[in-house]
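The chain contents come next:
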2 protein chains.
Amino acid sequence: MVNSISSLDRTDIAILRVLQAEGRISNVELSDRVHLSPPATLARVRRLEQEGYISGYAAMLNREKLGHDNLALIEIALELHQYERITEVLDRLVAMPEVLECYHVTGEYDYMIKVSTVNNRALDHFIAKRLIPLPGIARIHTSIVLKALKQTTELDLPEP
Amino acid sequence: MVNSISSLDRTDIAILRVLQAEGRISNVELSDRVHLSPPATLARVRRLEQEGYISGYAAMLNREKLGHDNLALIEIALELHQYERITEVLDRLVAMPEVLECYHVTGEYDYMIKVSTVNNRALDHFIAKRLIPLPGIARIHTSIVLKALKQTTELDLPEP
DNA sequence: GTTGAAATATATGACGT
DNA sequence: ACGTCATATATTTCAAC
C-alpha cells in the first residue's frame, strides 16, 4: 500500500484541514464546520487518530519569545559508510533536543538537520561539542537562518 | 526586548512542555501534570496564549498516509536585489501551499524552502511551472529527502 | 494560589432512521 | 453511516478563604 488517501472522503479531508489549522477546536464547532453532527464528527476524528492519519497534536510556540534566537540548517557529510556506525551516529543525532528535524538527502551532503538554539554561542557549542565529536562526521556546512518567512506544518491535502 | 522568557516561571515552562507534546490534553490532566489546580492552570494557559508564547495548536498529520510521498529542500538564489521586487517574489512564494517553510539564510544561496508534494511529478511541476517562472530567480538547487529521521516542533525550553 | 459549587459546554453512548 | 436525545465529563466562572 503506497498510501491510503483513497479511503478518505471529502468530509475526512475537511476535518483534517480544520484540525491542521486549529488543533484545539471543540468537537461541536468542528462538526459545524464540516456540516456533520457532533457524534459523527467525533467518531471520524477518533478513526483518523486510530488509523494514524493524525499522529498527534502540538502547541506551536513562539521561538523568539521563548529565548530561541538562533535557527540553523546544517548539512552533514558522513565519512564511514558502514551501516552500523551510521545508524549509531544517527540515533545519537536525533536524540539531541536541539535537533528539530533530520533528513537523509540527495546531493553533495548526506544529511540535513534543523537546529534551534538560544543564541550563536549555544549553536557554536552544539556544533563544536556535540556534532563534530560524533564519529564519522566528514564535513559540515552551516546556514544560519536570518529570518523565517514561513513556518507551517499544514499539508496541502488533495481532494479525494 | 530581546525575549521575554525571564517573565516565565517553572510552572509556565512545564505547561509549555506538556502542550508542545500533547496539544489536546484536557485542562484537568494538564493541571495534574504541573501540580496546580485546574483554574490556576487554565489562567496560565490563557495568559500564555494571550501574550503570544503559544501561537496556536495544530494536528500533526502523517504525510505518507495522506499521499505526500515527496519532500524537498530547495535553495534559491535571487537575481535582482531591488527590495520591492524581492518582497513581491517572497510574498508569492510563501503563499504557495506546497511551501511549508521559507527561510532567508546565509551562504551561497539566499533562501531555503521546504516543499511537500504528492510525488516527483508534482515536485517537477512545482519547480518548472511555479517556482522558476517567478521573476528574479537566478539559480536553484534541489535536495530530495530520501528519508525523514526526525520531525518535531518541540523546542528545548530553557529552565527559568 | 486553593477549594468548592454552579452554569455552561462538551463528549460519549444508546437508540432509531 | 448519520441524527437525535440523554447522560456523564469537562470546562469555565464565581465565590470565599
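The residue numbering used here restarts from 1 in each chain and proceeds along that chain's sequence as written. Chain A is the first chain written and ligand 1 is the first ligand written, with later ones labelled in order. A pLDDT threshold of at least 70 governs which residues receive local features in this predicted model, and a stricter bar of 80 or more applies before side-chain atom pairs are shown or counted, although totals over entire chains, interfaces and linings include all residues. By convention in this description, side-chain values take in all heavy atoms of the structure and omit both hydrogens and water.

**Some details on the overall build of chain A**
Condition: Segments assigned H or I by DSSP are reported as helices when at least four residues long, segments assigned E as strands when at least two residues long, and all are numbered from the N terminus. Values of the radius of gyration come from C-alpha atoms, whereas the globule rule sets the reference at 2.2 Å times the count of residues to the power 0.38. Exposure categories follow from relative accessible area, calculated using a 1.4 Å probe and restricted to protein chains: below 20% of the type maximum is buried, above 50% is exposed, and the middle band is partly exposed. Note on contacts: a residue pair is in contact if any heavy atoms of the two residues lie within 4.5 Å.
A tally of helices and strands in chain A yields 5 helices and 5 strands. Starting at the N terminus and ending at the C terminus, chain A contains elements arranged as α-α-α-β-β-α-β-β-α-β. Rg of the C-alpha trace for chain A: 20 Å, well past the compact-globule value of 15 Å for 160 residues, more than 25% over. Reported as C-alpha extents along the three principal axes, the dimensions of chain A are approximately 55 × 40 × 25 Å. Going through the 160 residues of chain A one by one, you find that 47% of them count as buried. Intrachain contacts of chain A at a sequence separation of at least 6 include 66% that bridge at least 24 residues.

**A few points about the relation of the copies chain A and chain B**
Where we set the bar: The copies are overlaid by a least-squares fit using only the C-alpha atoms of residues whose pLDDT is at least 70 in both copies.
Laying chain A over chain B is done by rotating through 180 degrees and shifting 0.0 Å along the axis; what remains is an RMSD of 0.1 Å. Here the copies are linked by what is in effect a two-fold axis. Comparing contact sets, 99% of the residues at the interface of chain A also lie at the interface in chain B, consistent with an isologous, same-surface contact.

**With respect to the protein's contact with DNA strand C**
Here is the rule: Any residue with a non-hydrogen atom lying within 4 Å of a molecule or strand is treated as near it. Nitrogen and oxygen atoms within 3.5 Å of one another constitute a polar contact, given that in protein one can donate a hydrogen and the other can accept it, and given that sequence-neighbouring residues count only through two side-chain atoms. All amino acids are sorted into three groups, where Ala, Val, Leu, Ile, Met, Phe, Trp, Tyr, Cys and Pro are nonpolar, Asp, Glu, Lys and Arg are charged, and the leftover types, Gly among them, are polar.
By nearness alone, every residue bordering DNA strand C is listed as Ser26, Asn27, Val28, Pro39, Leu42 and Arg46 of chain A together with Leu36, Ser37, Pro39, Ala40 and Arg44 of chain B. Taking all atoms of DNA strand C within 4 Å of the protein, the share assigned to sugar and phosphate is 86%. Between Ser37 of chain B and DNA strand C, the recorded distance is 2.6 Å, taken from a side-chain N or O atom to a phosphate oxygen. Looking at the surface near DNA strand C, the elements with two or more residues in it are α2 (27-33) and α3 (38-50) of chain A together with α3 (38-50) of chain B. For the surface near DNA strand C, the residue count by class is 6 nonpolar, 3 polar and 2 charged.

**Thoughts on the pairing of strand β5 (residues 137-151) of chain B**
Put simply, the test is: Two strands qualify as a pair provided DSSP detects at least 2 bridges between them.
The sheet contact formed by strand β3 (residues 99-105) of chain A and β5 of chain B spans 5 bridges and is antiparallel. Paired with Val105 of chain A across the strands is Val145 of chain B, a residue of β5 of chain B.

**What to know about the protein's contact with DNA strand D**
Looking at DNA strand D, the residues that line it are Leu36, Ser37, Pro39, Ala40 and Arg44 of chain A together with Ser26, Asn27, Val28, Leu42 and Arg46 of chain B. Between DNA strand D and the protein, one listed contact pairs a phosphate oxygen with a side-chain N or O atom of Ser37 of chain A at 2.7 Å. Contact distances for DNA strand D include 3.1 Å between a phosphate oxygen and a backbone N or O atom of Val28 of chain B. Breaking the surface near DNA strand D down by element, the ones donating at least two residues are α3 of chain A together with α2 (27-33) and α3 of chain B. Of all the elements, α3 of chain A adds the most residues to the surface near DNA strand D, at 3 residues.

**Here we look at the pairing of strand β3 (residues 99-105) of chain B**
Residue and element names in this part refer to chain B. Across the 7 residues that make up β3, a large majority, 6, are buried. Across 5 bridges, the pairing between β3 and strand β4 (residues 111-117) is antiparallel. The partner of Glu101 across the bridge, within β4, is Lys114.

**Focus: the interface of chain A and chain B**
Counted only if it meets this: Accessible area that two parts lose when put together, evaluated with a 1.4 Å probe and summed over both, is termed the buried area. In what follows, salt bridge is the name for a side-chain nitrogen of Lys or Arg lying within 4 Å of a carboxyl oxygen of Asp or Glu.
Listed per partner, the contact involves 69 residues of chain A and 70 residues of chain B. For chain A, the biggest contributors to the area lost against chain B are Arg24, Lys65 and Lys150 of chain A; these three give 12% of the whole. Here chain A and chain B share 2 salt bridges between them. Seen at the junction of chain A and chain B, the total is 43 residue pairs in polar contact (both at pLDDT 80 or more). Elements with a minimum of two residues in the side of chain A that touches chain B: α1 (10-21), β1 (54-61), β2 (70-78), α4 (83-94), β3, β4 (111-117) and β5 (137-151) of chain A. Sort the elements by how many residues they give to the side of chain A that touches chain B and β5 of chain A lands first, with 10 residues. When the residues that make up the side of chain A that touches chain B are grouped by side-chain class, the tally is 37 nonpolar, 19 polar and 13 charged.

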